[in-house]
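Here's the letter readout for the chains.
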Amino acid sequence: MCRKCVYKETVETLAVRAQEVGKLESARSPFADAAQAAGHVGYKVGKLDGATFIVSLVEKTCSSPS
């Protein structure tokens, strides 16, 4: 699989999961905590449009002895 495909698949998987978790009333989020602290009682879900993902691929390379 090409590197670009790995990055894209990883980000898409993370984004889907973030949306799922953001909709769970049982999951806590900084956004929901702040909303409740500001007096929005009963606000229990996350901010569904505010996710950023940074994905990097680290590879070990072998160098031949000089």
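Refer to the structure above for everything that follows.
How each quantity is defined
Residues numbered from 1 in each chain as written. Predicted model: local features only at pLDDT ≥ 70, side-chain atom pairs only at ≥ 80, totals over all residues. Heavy atoms only, no water. Helix = DSSP H or I, 4+ residues; strand = E, 2+ residues; numbered from the N terminus. Salt bridge = Lys/Arg side-chain N within 4 Å of Asp/Glu carboxyl O. Buried < 20%, exposed > 50% of the residue type's maximum accessible area, 1.4 Å probe, protein only. Disulfide = S-S within 2.5 Å. 1 Å grid on protein atoms, 1.4 Å probe; cavity = no way out; pocket = protein on both sides within 12 Å on 5 of 7 lines; lining within 4 Å. Points joined across faces, edges and corners; volume = space filled by probe spheres on them. Nonpolar A, V, L, I, M, F, W, Y, C, P; charged D, E, K, R; others polar.

**Q** How do you make sense of the environment of Ile54 when you look at a structure like this?
**A** As for its placement among the helices and strands, Ile54 is situated in the segment after helix H2 (30-37). Residues Ile54 and Ala15, spaced 39 residues apart in sequence, show a C-alpha to C-alpha distance of 11 Å.

**Q** I tried to follow the pattern of salt bridges on my own but got confused; where do I start?
**A** Opposite charge on two side chains lets them pair, provided their charged atoms get close. In the structure shown here, the tally under the stated rule is 2 salt bridges. Put simply, Glu12 and Lys8 hold a salt bridge, and the shortest N to O gap is 3.7 Å. Taken together, the residues span about one helical turn, with Glu12 and Lys8 both in helix H1 (residues 3-22) at a distance of 4 residues. Glu12 sits in the partly exposed class, given a relative accessible area of 42%.

**Q** Got a minute to help me understand the state of the cysteines in this structure?
**A** Joining two cysteines, a disulfide is a covalent bond between their sulfur atoms. Inspection of every chain in the model, using the stated rule, returns 1 disulfide. Put simply, Cys2 and Cys5 are joined by a disulfide, and their sulfur atoms are 2.5 Å apart. The sign of the S-S torsion, about 75°, decides the handedness of the disulfide formed by Cys2 and Cys5: right-handed. By relative accessible area, which is 39% here, Cys2 ends up partly exposed. Given a relative accessible area of 38%, Cys5 falls into the partly exposed group.

**Q** Help me out: how do you make sense of the layout of surface pockets in this one?
**A** The gaps of empty space that remain are located by a probe, the size of a water molecule, rolled over the atoms. Looking at the largest pocket, its volume works out to about 230 Å³. Lining the largest pocket are 17 residues, with Ala18, Gly22, Ser29, Gly46 and Lys47 sitting closest to its centre. Looking at the lining of the largest pocket, the elements that each hand over two or more residues are H1 and H2. It is H1 that provides the largest number of residues to the lining of the largest pocket, a total of 4 residues. Across the lining of the largest pocket, the residue classes break down as 9 nonpolar, 5 polar and 3 charged.

Coordinates in, geometry out; function isn't part of it.
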